[in-house]
Amino acid sequence: MRIGIIGTGGMAQALGTQWERAGHEVVAGSRSRGDVRAAAEHGTDAVLLAVPYTAVVDVVAGLRDVLAGRVLIDCTNAVGPGFGLLTAGGPAAAERIAAAAPAARVVKAFNLCHESVWRLTPPVFAGRPLAVPLCGDDEDALTVVRELVRDVGCVPLHAGGLDRAGLVEATAALLIRLWAGEGADAQAIAPPLEFAGV
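Criteria and cut-off values
Residues numbered from 1 in each chain as written. Predicted model: local features only at pLDDT ≥ 70, side-chain atom pairs only at ≥ 80, totals over all residues. Heavy atoms only, no water. Salt bridge = Lys/Arg side-chain N within 4 Å of Asp/Glu carboxyl O. Helix = DSSP H or I, 4+ residues; strand = E, 2+ residues; numbered from the N terminus. Buried < 20%, exposed > 50% of the residue type's maximum accessible area, 1.4 Å probe, protein only. Pairing = 2+ DSSP bridges. Right-handed = clockwise from strand over helix to strand, strands pointing away. Core = buried A, V, L, I, M, F, W, Y, C linked by side-chain atoms within 4.5 Å. Contact = heavy atoms within 4.5 Å. Phe/Tyr/Trp six-rings, centres within 6.5 Å; stacked < 30°, edge-to-face > 60°. Axes fitted to C-alpha atoms, helices over the stretch in contact; angles between N-to-C directions. Parallel < 35°, antiparallel > 145°, perpendicular 65-115°, else oblique. Left-handed = near helix turned anticlockwise from the far one by under 90°. Nonpolar A, V, L, I, M, F, W, Y, C, P; charged D, E, K, R; others polar.

### Brief notes about the pattern of salt bridges
Alright, step 1. If you walk through the whole model with that rule in mind, you get nine salt bridges.
Alright, step 2. Here Arg105 makes a salt bridge to Asp138, at a shortest N to O gap of 3.3 Å. One end of the pair, Arg105, is in strand 5 (residues 105-108); the other, Asp138, is in the loop between strand 8 (131-136) and helix 7 (139-151), and 33 residues separate them in sequence.
Alright, step 3. Ionic contacts of the salt-bridge type, sharing partners, join the residues Asp74, Lys108 and Glu169 into one network.

Written out as C-alpha cells, the structure is:
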C-alpha cells in the first residue's frame, strides 16, 4: 500500500516503521517542514493522522481536497490537563475530523496505546496479541485498516460506526489516567471473556 503519514513524531515513526517492514510504501510529512500535503497526496491507500489533537482539525480542514475519498486513520487522543477528555459532551474527535474533511473515510484506530507499544515486533503480551478496536462507517476503509492492524501483529476488533468513536476515545482517557496518573495496571479492570456475562 501507499501510506501517507501526517506528522513525524513518535506515533508516526512507530507505526510507519512497522508498515515499512510489512512492505508498504510510507511517506511522512511534518507541518514544520511544510511537506504535509505531499505526504497526504502519497497516501492513496491510507493516511494516518499523527499530530496533536489540538491541531488536527485545522490540519485536516486545510487538506480536505487531497483527503477526499482517502482512508483517513485517526489515532489522536483529546486528553487534556488532569487527564480530562477535551471533547466531553461531543462530538468525538473522530467525528470532528470527519466534519472537517467530509469526503474522507475516517476510521478511529491505534489510539489506546503509547507509541512504545507500536514499536514492539509484534505487540504480544503473555502469548496474546494486542487487540485494536476500530470505529468507522465505510466497510472498504475498515478492511484497509484491518490489514494494517494485522501488519503490526495485532488483532482488529469491530467497535462500531464512527458514532462509537467517542467511547473508544473516552476509554483512552480513562486508561491514560490509570496508567500515567495512578501507576495502575489498567488491564486488570477487565475480567476474562468467560466471566464477562455476555
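### Observations concerning the pairing of strand 1 (residues 2-6)
Alright, step 1. By the criterion of burial, strand 1 is predominantly enclosed, with four of the five residues buried.
Alright, step 2. Pairing geometry for strand 1 and strand 2 (residues 25-29), over five bridges, is parallel. Bridge assignment links Ile5 to a residue of strand 2, and that residue is Ala28.
Alright, step 3. Once you follow strand 1 into helix 1 (residues 10-21) and on to strand 2, the crossover reads as right-handed.

### Section: the nonpolar core
Alright, step 1. Counting residues in hydrophobic clusters, the biggest one holds 31 residues, and the most contacted among them are Trp19, Ile73, Phe110, Trp118 and Val145.
Alright, step 2. Top element by residues in this core is helix 7. It accounts for six residues.
Alright, step 3. Look past the residues within four positions of Trp118 in its chain and what remains in contact with it is Met11, Ala14, Leu15, Gln18, Phe110, Cys113, Leu130, Val132, Val152 and Cys154.
Alright, step 4. Grouped together as the second largest cluster of nonpolar side chains are 27 residues, Val36, Val51, Val56 and Ala78 included.

### Let's talk about unusual backbone geometry
Alright, step 1. For the peptide bond that leads from Gly90 to Pro91, omega is -5°, which places it in the cis range.
Alright, step 2. With respect to the helices and strands, Pro91 occurs in the loop between strand 4 (71-74) and helix 5 (93-100).
Alright, step 3. For the bond running from Thr121 to Pro122, omega is -5°, close enough to zero to count as cis.
Alright, step 4. Position of Pro122 relative to the elements: it lies in the loop between helix 6 (115-118) and strand 6 (124-125).
Alright, step 5. Although it is not a glycine, Phe83 adopts a positive phi angle of roughly 60°.
Alright, step 6. Among the secondary structure elements, Phe83 is positioned in the loop between strand 4 and helix 5.

### Description of the packing of aromatic side chains
Each aromatic ring pair is specified by the distance between its two centres and by the angle formed by the two planes.
Alright, step 1. According to the stated counting rule, one finds two aromatic pairs in the structure shown.
Alright, step 2. With a centroid separation of 5.7 Å and an interplanar angle of 75°, the aromatic rings of Trp19 and Phe110 are classed as edge-to-face. Placement of Trp19 in helix 1 and of Phe110 in the loop between strand 5 and helix 6 is noted, with a sequence separation of 91 residues between them.
Alright, step 3. For Phe110, a relative accessible area of 1% puts it in the buried group.

### Regarding the packing of helix 3 (residues 53-62) against helix 5
Alright, step 1. Interhelical geometry of helix 3 versus helix 5 gives an angle of 20° and a closest axis separation of 8 Å. Between helix 3 and helix 5, the angle falls in the class roughly parallel. Between helix 3 and helix 5 the crossing geometry is right-handed. Across the interface between the two elements, Tyr53, Val56, Val57, Val60 and Ala61 of helix 3 pack against Ala93, Arg96, Ile97 and Ala100 of helix 5.
Alright, step 2. Its residues assigned to classes, the contact of helix 3 with helix 5 shows eight nonpolar, no polar and one charged.

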